[in-house]
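# Summary of the model geometry
Spelled out, the chains give:
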Amino acid sequence: MNDSLTNRQIVFIIFGVLIGYGIMGLPKNVAETAGTAGWFSVLVATAITVIFAYMITYLSYVHKNKIIYEYSEILTGKIVTYVFMGIYICYYFIVFAMLTRISSETIKLTILLKTPIWAVCLFFLFVVYYALIKRLRVIARICEIYGIIIIIAAVMIHISLFTQGKLINIRPFFVVEDLPLYLKSTLNMIFPFLGIEILTIIPFTKKNNKRIFKYTALMVMFIGVFYIMVVESCISVIGVDEIVHYDDALYATIRRVDIPAFQFIRRLDGIFLIAWIMAIFCTMTIWAYGAIVLLSKLFKKVNFNVLSFIVVFFAFIVSQMPTTYGQVKKVLEYMSYYGLLVMGIIPSILFFITKVGKYDQKN
Amino acid sequence: MIKKISELLIIAVFSLCLTSCWDYEDVDKKCITISIGVDQVGENVQFSGEIANLTPSPEAKEKAQTGNVYRLLSYGKTFEEARIHYDAINPFPVFLGVTRVVVFGQNFAKKGIEPYLNRIGHIYDYRKTLLTVVSRESPTELFDTKVEKHISVGFLIEDIINSLSNTGKALYPTCGELLSDIALEEVGYLLPYIGKEKGSIAYLGLAVMKDSKLIGVIDIVDTDGILYLLGENPMLVEAIHNPENKGNVYSFRTNVKKRKIKTNYTNGKIAINIDLDLQAILRYQYYSTPISDEEIKRLEKIISEEVKSSIVSAIKKAQNEFQCDYFGFAKYFRADYPKVYRKIKWEEIFKDVDVKVQVKTKIVNENLVDPDAKNKY
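Every chain begins its residue count from 1, and numbering advances along the sequence as written. Key to labels: chains lettered from A, ligands numbered from 1, both in the order written. It should be noted that, the model being predicted, local features are given only for residues of pLDDT at least 70 and side-chain atom pairs only at 80 or more, the latter also being counted only at that level, while totals for whole chains, interfaces and linings use all residues. Only hydrogens and water are removed before side-chain values are computed, so all heavy atoms of the structure are retained for them.

### A few points about the overall build of chain A
Counting its secondary structure elements, chain A contains 15 helices and zero strands. Computed over its C-alpha atoms, the radius of gyration of chain A comes to 20 Å, within 12% of the 21 Å expected for a compact globule of 363 residues. The principal-axis extent of the C-alpha atoms belonging to chain A is close to 60 × 50 × 35 Å. Here the term buried applies to any residue with accessible area under 20% of the maximum for its type, exposed to any over 50%, and partly exposed to those in between, with areas from a 1.4 Å probe on protein chains only. Out of the 363 residues belonging to chain A, those deemed buried represent 60%. Across chain A, every contact between residues at least 6 apart in sequence was considered, and the portion connecting residues at least 24 apart equals 84%. Between the averaged position of the 32 positive side-chain charges in chain A and that of its 18 negative side-chain charges there is a distance of 12 Å. Strands are runs of DSSP state E lasting at least two residues, helices are runs of H or I lasting at least four, and both sets are numbered from the N terminus onward. Based on C-alpha atoms, the radius of gyration is set beside the globule rule, defined as 2.2 Å times the residue count to the power 0.38. Whether two residues are in contact is decided by their heavy atoms: any pair within 4.5 Å suffices. In this tally, Asp and Glu contribute negative charge and Lys and Arg positive charge; neither His nor the terminal groups of the chain are included. Charged groups are reduced to one reference atom each: NZ for lysine, CZ for arginine, CG for aspartic acid, CD for glutamic acid.

### What to know about the overall build of chain B
The helix and strand tally for chain B stands at 13 helices and 13 strands. The C-alpha atoms of chain B give a radius of gyration of 26 Å, which is well past the 21 Å a tight globule of 377 residues would have. The principal-axis extents of the C-alpha atoms in chain B amount to approximately 85 × 65 × 60 Å. Expressed as a percentage of its 377 residues, the buried residues of chain B come to 47%. Within chain B, contacts between residues separated by at least 24 positions form 67% of all contacts whose residues are at least 6 apart in sequence. Computed over 50 positive and 51 negative side-chain charges, the inter-centroid distance for chain B is 4 Å.

### Comments concerning the side chain of T115 of chain A
Tracing the backbone shows T115 of chain A in the loop between α5 (78-110) and α6 (117-132). Classification of T115 of chain A by relative accessible area gives buried; the value is 5%. If we skip the residues at most four places from it in the chain, T115 of chain A touches K108 and V120 of chain A together with W22 and D23 of chain B.

### Comments concerning the pairing of strand β1 (residues 31-41) of chain B
Residues and elements named next belong to chain B. Burial analysis of β1 places 10 of its 11 residues in the buried class, the great majority of the element. Pairing between strands requires that DSSP locate at least two bridges from one strand to the other. When β1 meets strand β4 (residues 94-95), the two strands line up parallel, connected through two bridges. Across the sheet, residue C31 finds its bridge partner in β4, namely V94. Bridging between β1 and strand β2 (residues 44-52) involves eight bridges; their strand directions are antiparallel. Looking at β2, one finds that D39 is bridged to Q46.

### Regarding a nonpolar patch on the surface
Residue and element names in this part refer to chain A. Like-charged residues are merged into a patch within 9 Å and nonpolar side chains (Val, Leu, Ile, Met, Phe, Trp, Tyr) within 5 Å, provided each residue has over 30% relative accessible area and no salt bridge. To be clear on the numbers: accessible area is Shrake-Rupley with a 1.4 Å probe, and residue cover counts the displayed protein chains and nothing else. Salt bridges are defined by distance alone: a side-chain nitrogen of Lys or Arg within 4 Å of a carboxyl oxygen of Asp or Glu. A surface patch of nonpolar side chains, about 1,000 Å² in accessible area, is lined by Y82, L298, F299, V302, V306, F309, I310, F313, F314, I317 and M321. Broken down by element, the nonpolar patch gets its largest block of residues, six residues, from helix α13 (residues 304-319). Structurally, the position occupied by V302 is in the loop between α12 (269-298) and α13.

### Looking at the interface of chain B and chain A
Contacts between chain B and chain A engage 27 residues on the former and 33 residues on the latter. Taken together, both faces of the contact between chain B and chain A bury some 2,700 Å²; the carbon and sulfur share is 55%. Buried area is calculated as the accessible area (1.4 Å probe) missing from two parts once they are joined, with the contributions of both summed. Ranking the residues of chain B by area buried against chain A places W22, D23 and Y124 of chain B at the top, with a combined share of 26%. There are five salt bridges connecting chain B and chain A. Across the pair K339 of chain B and D178 of chain A runs a salt bridge, and its minimum N-O distance is 3.7 Å. Here a polar contact is recorded for every N or O atom pair within 3.5 Å, except that within protein the pair must consist of a potential hydrogen donor and a potential acceptor, and residues adjacent in sequence are included only if both atoms are side-chain atoms. At the boundary of chain B and chain A, one finds nine residue pairs in polar contact (both at pLDDT 80 or more). Mapped onto the side of chain B that touches chain A, the elements with two or more residues apiece are α1 (2-18), α8 (175-184), α11 (329-336) and α12 (338-343) of chain B. Amino acids outside the nonpolar list (Ala, Val, Leu, Ile, Met, Phe, Trp, Tyr, Cys, Pro) and the charged list (Asp, Glu, Lys, Arg) are all regarded as polar, and Gly is one of them. When its residues are assigned to classes, the side of chain B that touches chain A shows 11 nonpolar, five polar and 11 charged.

### As for the sheet that holds strand β10 (residues 235-241) of chain B
All names here are of chain B. If you walk across this open sheet you meet the four strands as β10-β11-β12-β13, and the pairing is mixed. For this open sheet the edge positions go to β10 and β13 (354-365), each flanked by a neighbour on one side alone. Across this sheet, the average inter-strand angle for adjacent strands is 35 degrees, counted without regard to direction. Axis angles are defined between N-to-C directions and span 0 to 180 degrees, where every axis is a line fitted to C-alpha atoms and, for a helix, only to the segment in contact. Packed on one face of the sheet, helix α10 (residues 293-322) meets β10, β11 (249-266), β12 (269-285) and β13 and runs near 145 degrees to β13. Against the sheet, α11 makes contact with β11 and β12, and its axis sits at roughly 40 degrees relative to β11, the strand it touches most.

### Some points on helix α9 (residues 211-238) of chain A
Helical geometry: 3.6 residues make up each α-helical turn, so side chains three or four residues apart lie on a common side. Residue and element names in this part refer to chain A. A helix is expected to span 1.5 Å multiplied by its residue count minus one. Over its 28 residues, α9 runs 40 Å from end to end, which matches the ideal 40 Å to within 8%, given 1.5 Å per residue. Counting buried positions along α9 gives 21 out of 28 residues, so the element sits mostly inside the fold. Of the residues trailing α9, G239 is marked for its positive phi of about 95 degrees.

### Here we look at the state of the cysteines
Disulfide assignment relies on a single distance test, namely cysteine sulfur atoms paired within 2.5 Å. With the rule as written, the count across this model stands at zero disulfides over all chains. C143 of chain A supplies the cysteine sulfur nearest to C282 of chain A, a cysteine that is in no disulfide, at a spacing of 4.1 Å.

### Digging into a positive patch on the surface
All names here are of chain B. A grouping of K257, K258, K260, K262, K297, K360 and K362 is seen on the molecular surface, where their side chains present a positively charged patch. Elements with a contribution of two residues or more to the positive patch: β11 and β13. The element that contributes the greatest number of residues to the positive patch is β11, accounting for four residues. Turning to its location among the elements, K297 is positioned in helix α10.

### Here's the deal with α13 of chain A
Residues and elements named next belong to chain A. Across its 16 residues, α13 extends 22 Å between first and last C-alpha, which sits within 8% of the 22 Å expected from 1.5 Å per residue. Every buried residue belonging to α13 is among F304, L307, S308, V311, V312, A315, V318 and S319, and all of these are buried. Projected onto a plane normal to the axis of α13, the buried residues spread over an arc of 130 degrees and lie on a single side. Where α13 is buried, its residues meet α5, α6, α7 (135-164) and α12. For α13, the side-chain oxygen to backbone nitrogen distance between the N-cap and N305 is 2.7 Å, and the N-cap itself is N303. Taken from the helix axis, the directions to the C-beta atoms give the arc we talk about.

Structure follows, in structure tokens:
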């Protein structure tokens, strides 16, 4: 299976998986937990994520041409690996299903008011399935192309938001006495970075040289800065007191702005929705790929396309299970705690075993 | 062959399906609302406004001057009841996505407009950049005004306020901005105040809103001080009388180059320092007389004094007459002293806050006129 990727493709996969649904409510969460100094919490969370990203990249870099299933088996043995794989598969699958549902819910509540949820979910899943059967390299290419489009659109939108916002709304920038509060809220800020663990299922080859560490760290830092740009531009328009009322803070902010100088695109929500749907499509596809690729390691005899179909089909059923938007939100909230296990704890265990067992030197 | 075109076929089938998805609705099957009026009549909330007439009647076609809108009127004890009545009399569902203006009648504004602003904020259809104004006359009366140069009263109101705000002579508060002010709780806000003057619709000044309730009106001639502080790009005219030659008047156009608001907290006393750098352009004099460099300096000082006095008087009015911080000074104080702000009740303290205003003016050009021209022959 030729699933090797270039360094650039790998970093865009990180961008694709991280920038997704979470960005919608990010300004609200930041304002709620740390007020106008939330940028600091995001910065600290970025630094912590860079450490996780380093550990995960290191595992893939040391164990060339292997993904977590294979190197975990070498490091911890078969039984533990099965447990780990179970944890990862459940995680990727549930997040994939719930992301499909919550993104469809958001689309229904914002633009397609009369379209049933199942129809939006189904439409998403059709496209995701089509991308999945083309395998990782195509998904990575989509992430590259979409990533660039998303970055250009986001920079344009958020610079426009800054022009409409007021500096006074984002002050005070920092209150020294509130430092413990900011550090406490850092934990909440790590959740938007969940997804970095996708690197565990991307096999590195000889093509992926040492610079990959620099690239992944830089991409995580870039995403941190990107998040700060999103948060600050939204708070500058709406203000910290009001933004906390909106689950869809980013979309609510964009709807607050009307730039006559842009003529026919004076309302930015059209551009935003296109870029956002591209972003969630990348996120959903990568998450689904994570589940499928690990399942294909467990069920080696089953064809990849058949597995993809089964996963997408069950994801559709699971995505329809919650009856309300609140329930989906709750599931995703629990999944984000679960995420700390797969992003932080398991890779840390494997990283330390690699180091202690000196597997890096053996390879 | 089929394999080659299969992807194209899939795209084509999806495109065809998408054209008739659940949310599709023909434009002429919607009541496209241009303006909404909300007022309190007795115990009832009254909705009035204008709806775009996409299929004009034969009589309307004959009359070239008739606007392509028809009026709406509905009422009920709550917004929801009024909406039920509205739906019961209209052939198509309402579409608020292109609504240009919401006009609050005085009676409703005195009772409080926050519920309706929240309605605009949360109903999907409404643009959050919608203009909100208060009307001296009831909105019904306003919408019945015959307008010659516009197709509707709603468009006319929005265009008046928009053109004034673009030239720095009025404020254009959008619904979104008002919701942010309401969320801060400690500040009030100002809305354009409109009414009928000699048969036509006119901008009359600013309506003062405290706790989202109308508590007073500031006449258009007294709004300069407010615009210098709150306007996006205030560009105002200052007419300066020549003290030596009373008949002569210098007409200047001023604009704000820099506006700095800082707060200070010492020994439990709050002070607000406002620094304003103005640029002035001499538009013309009533009678042309030479102006020396000394005269220019003197004029700069006079303009500064006049602007300062209009700002001070606007703030005093807010502190003493209305006891409401519609300038949003609370935001500046919170940014400078977040810890202190959490402990005080700004609404109560505002009236005793010490405000210091400093205005510096520079006359940057004299409109291509040589003000110190001398006959040399």
